[in-house]
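For reference, the chains in residue letters:
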Amino acid sequence: MIRRLQKCDGERVREIVKTIWEGDDYIPHVFEKWVEDPSCHFMGLWKDGTLVGIDNLRLLSDKVGWMEGMRIDPALQGKGFGKELGKQTLAIAKRIGLERLYFATYFDNTASIRMNEAFGFNRIGVFTNLESEIGDISDSSFAFNVDSEIPEILDQVSEDWAFLPKEIPDKARFLIQPTRIHDGDNWAVLSKNSKSESCVDINYISIAEERKARSFVHGLKCYAQSKGFERVHTMVREDLDLEPFLYNGFKPFERVRDVFLYFADSSVLEI
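Each chain carries its own residue numbering, running from 1 in the direction its sequence is written. In keeping with the predicted nature of the model, local features appear solely for residues at pLDDT of at least 70, side-chain atom pairs appear and are counted solely at 80 or more, and the whole-chain, interface and lining totals rest on all residues. Hydrogens and water molecules were not included; the side-chain quantities draw on all heavy atoms of the structure.

S.K.: Could you clarify how one ought to interpret the overall build of the protein chain in this entry?
M.R.: When helices and strands are tallied, the protein chain shows six helices and 15 strands. The globule rule puts the C-alpha radius of gyration for 271 residues at 18 Å, and the 19 Å found for the protein chain is close to it. Along the longest, intermediate and shortest principal axes, the C-alpha atoms of the protein chain span 60 × 35 × 30 Å. Taken over 271 residues, the protein chain has a buried fraction of 53%. Note on contacts: a residue pair is in contact if any heavy atoms of the two residues lie within 4.5 Å. When contacts within the protein chain are restricted to residue pairs at least 6 apart in sequence, long-range pairs at least 24 apart make up 70% of them. In this text, helices come from DSSP runs of H or I with a minimum length of four residues, and strands from runs of E with a minimum of two, each type numbered from the N-terminal end. The globule rule used for comparison is 2.2 Å times the number of residues to the exponent 0.38, while the radius of gyration itself is calculated over C-alpha atoms. Burial status follows relative accessibility: with a 1.4 Å probe on protein chains alone, a residue under 20% of its type maximum counts as buried, one over 50% as exposed, and anything between as partly exposed.

Right, here's the structure in full:
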């Protein structure tokens, strides 16, 4: 049986994810938000009266959906529950008229990658997941310009592990307190991370003046420090030079180019 999750399912969900990501899974932080969000189809799969897996399908528009947060109880993996839940989630997407579906996954999540590629998803982007503790920045005198007006961005925009696809207009409406930071021709959009109060996300960055790239990334950390954040997170697309980030203390989890972005036209899905 599959049905929408309710608040009363929270204890079981926390039990399912308590050992995932070494006990640091983000699902407990977003559980109630996803349950209450009318744009989310936050679903659970039950077997013999026990919740065995969860999955969220978030509507970005009436035609575009974002898939996230699939979890199967680690003690019950290898029984085909992930494939069953995936099929049912995709069936819901088709039934409500979604035409384009996206999701992102870590490079070593081979089971999910194989399953979704078999459904008809194709990899369309590779990113590097980077994070930096801010700490005390001794030289925080960088002069940056701050603008609350966010221009239309015709590229993917990230927020934590989620991505807003190119075709979604007015992407800033999905971000929490977005701000544009610019210095000459280099500019970036930053917003409050939706899963951590102490973290700010660099959602999008455009580097036109390469010689100023290091100082500009430094300036973004200075801005984050001035707003009281403790960490900065970003997803850097593979065509951008990582050196300015690495120079400023950003680090990947395990390797660079570790996050894969996938897409499928729902009309070709094989479920």
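Following the structure, the description resumes.
S.K.: How should I be thinking about the environment of Gly 10 in this particular structure?
M.R.: Tracing the backbone through its elements, the reader meets Gly 10 in helix 1 (residues 10-17). Overall, the relative accessible area of 2% leaves Gly 10 in the buried class. Between the C-alpha atoms of Gly 10 and Thr 110, which are 100 residues apart in sequence, the distance is 27 Å.

S.K.: Would you explain the side chain of Thr 234 in this entry?
M.R.: Of note, Thr 234 is situated in strand 13 (residues 231-237). A residue is classified by how much of its surface remains accessible, and Thr 234, at 2% relative accessible area, is buried. The definition of a polar contact used here is a pair of N or O atoms within 3.5 Å, where within protein one atom must be able to donate a hydrogen and the other to accept one, and adjacent residues in sequence count solely through side-chain atom pairs. Of the polar contacts made by the side chain of Thr 234, one reaches the backbone oxygen of Ile 202; its length is 2.9 Å. In this structure Thr 234 touches Thr 128, Asn 129, Leu 130, Asp 201, Ile 202, Phe 245 and Phe 250, once residues within four positions along its chain are discounted.

S.K.: Looking at this model, I keep getting lost on the packing of aromatic side chains. Mind explaining?
M.R.: Any two aromatic rings considered together are summarised by their centre-to-centre distance and by the angle between their planes. Stacked, tilted and edge-to-face are the three classes applied to pairs of Phe, Tyr and Trp rings, where Trp contributes its six-membered ring and a pair requires centres within 6.5 Å; stacked means planes under 30 degrees apart, edge-to-face means over 60, and tilted covers the rest. Applying the stated criterion to the full structure yields 15 aromatic pairs. Look at Trp 34 and Phe 42: their rings are 5.2 Å apart centre to centre, the planes differ by 90 degrees, and that puts the pair in the edge-to-face class. One exposure class covers both Trp 34 and Phe 42, and it is buried. Counting every residue linked through ring pairs, the aromatic cluster contains Trp 21, Tyr 106, Phe 107 and Trp 161. Across the ring face of Phe 260, the terminal group of Arg 123 is positioned such that the distance to the ring centre comes to 3.7 Å. A ring is scored as having a charge over it whenever the NZ atom of a lysine or the CZ atom of an arginine sits within 6 Å of its centre and within 35 degrees of its normal. Above the plane of the ring of Phe 250 lies Lys 221, whose end atom (NZ or CZ) is 5.8 Å from the centre.

S.K.: Even after reading the chapter, I still don't get the pattern of salt bridges, so can you show me in this structure?
M.R.: Between side chains of opposite charge, pairing is possible as soon as their charged atoms come close. Salt bridge, as applied in this entry: a Lys or Arg side-chain nitrogen positioned within 4 Å of an Asp or Glu carboxyl oxygen. Per the counting criterion, the structure on display carries 17 salt bridges. The salt bridge involving Lys 7 is made with Glu 36; its shortest N-O contact spans 2.7 Å. One end of the pair, Lys 7, is in the loop between strand 1 (2-4) and helix 1; the other, Glu 36, is in helix 2 (residues 27-36), with 29 residues separating them in the sequence. Overall, Lys 7 belongs to the partly exposed group, its relative accessible area being 47%. The closest approach of N and O atoms between Glu 197 and Lys 192, which form a salt bridge, is 2.8 Å. On the accessibility criterion, Glu 197 (64% relative accessible area) is exposed. Taken together, the shared-partner salt bridges in this structure form one network comprising Arg 12, Glu 15 and Asp 73.

S.K.: I would appreciate a short explanation of the pairing of strand 15 (residues 259-265) in the present structure.
M.R.: For a regular strand, side-chain orientation follows a simple rule: the groups alternate between the two sheet faces. The element strand 15 is largely enclosed, with a buried count of six among its seven residues. Strands are labelled as partners when DSSP assigns at least two bridges between them. Bridge analysis of strand 5 (residues 100-106) against strand 15 gives seven bridges, and the strand direction is antiparallel. When the sheet's bridge partners are listed, Phe 103 is paired in strand 15 with Tyr 262. Here strand 6 (residues 122-133) pairs with strand 15 via five bridges, running antiparallel. Within the sheet, the bridge partner assigned to Asn 122 lies in strand 15 and is Phe 263.

S.K.: Is there a simple way to think about helix 5 (residues 213-226) in this case?
M.R.: Expected helix span is computed as 1.5 Å times (number of residues minus one). Between its terminal C-alpha atoms helix 5 stretches 20 Å, which fits the 20 Å expected from 14 residues at 1.5 Å a residue. Across the 14 residues of helix 5, ten count as buried, placing the element largely inside the fold. Listed as buried for helix 5 are Ala 213, Phe 216, Val 217, His 218, Gly 219, Leu 220, Lys 221, Cys 222, Tyr 223 and Ala 224. Where helix 5 terminates, the next one or two residues include Gly 228, which has phi positive at roughly 85 degrees.

S.K.: In this structure, what is going on with the environment of Arg 123? I would like to understand it.
M.R.: Topologically, Arg 123 is positioned in strand 6. Separated by 143 residues in sequence, Arg 123 and Ser 266 have C-alpha atoms that sit 15 Å apart. Each residue touching Arg 123, except ones within four places of it in the same chain, is listed here: Phe 260, Leu 261 and Tyr 262.

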